[in-house]
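# Close look at the chain arrangement
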Amino acid sequence: MTDPYDRARDWLESADGLLITAGAGMGIDSGLPDFRGPGGFWAVYPALAKARMDFTRIANPSAFASDPELAWGFYGHRLQLYRDTLPHAGFARLLALGQQLPHGLRVFTSNVDGQFQKADFSTASVCEVHGSIHHLQCTENCKGRIWPADGFLPRVDTSSCRLLNEPKNLS
Ligand SMILES: [Zn+2]
């Protein structure tokens, strides 16, 4: 039986393009939590554990209506975490590998963290199927577009997971 790493290397050597599919596991080596299971999620957000609130209940548009401070606190904390995180060396290795192929590379990711772009992947090469935390949009989609969250500098009380300042750059 062939060693799986040898087989992967053979495939890469004969490939003419690279499609990278990524999920939460991609960020682990950069030090990001993967939120797998309520245990992992609640370890990062004790305030949500206390409220017995799992990921699907807070990562949900209705949370912005029912408890805006908490929803903004949760997203604000994650936004800051992803802004502060440096992509691990694997991103640069994948980029170098894909760039030398005749058809280059594309990324299809469920991650909202923007780590591929931070690792110098071009915006056009990254498809973020679950959206991006680095952008804002209206919950009623009244503008029909998204916009960069750049002007939003969240201050979050980590013990309560609540936003302390007013959300900025909302239009
Ligand atoms: Zn609106």
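Scroll up for the structure.
The numbering scheme is per chain: residues are counted from 1 as the chain's sequence reads. Side-chain atom pairs in this predicted model are given and counted only at pLDDT of 80 or more, local residue features only at pLDDT of at least 70, and totals for whole chains, interfaces and linings cover all residues.

## Observations concerning the nonpolar core
Test applied: By our criterion, buried Ala, Val, Leu, Ile, Met, Phe, Trp, Tyr and Cys residues that link up through C-beta atoms within 7 Å make up a nonpolar core. In this scheme the burial state of a residue depends on its C-beta neighbours within 10 Å: 20 or more other such atoms mean buried, 12 or fewer mean exposed, and anything in between means partly exposed; the C-beta positions come from the backbone. Numbering of helices and strands starts at the N terminus; helices are DSSP runs of H or I of at least 4 residues and strands are runs of E of at least 2. In this description, a residue-residue contact is defined by the distance between C-beta atoms placed from the backbone, which must lie within 7 Å.
Formed by 19 residues in total, the largest nonpolar core has its most connected members in Ala71, Phe74, Tyr75 and Cys161. The greatest single-element share of this core, amounting to 7 residues, is contributed by helix α6 (residues 68-84). Leave out the neighbours within four places in its chain, and Ala71 touches Ile58, Ala63 and Phe64. Within the second largest apolar cluster, 6 residues are counted, among which are Val107, Phe116, Phe121 and Val126.

## Focus on the environment of Ala22
You can see Ala22 is positioned in strand β1 (residues 18-22). Residues Ala22 and Glu128, 106 residues apart in the sequence, show an inter-C-alpha distance of 9.8 Å. Residues contacting Ala22, with those up to four places away along its chain left out, are Val107, Thr109 and Asn111.

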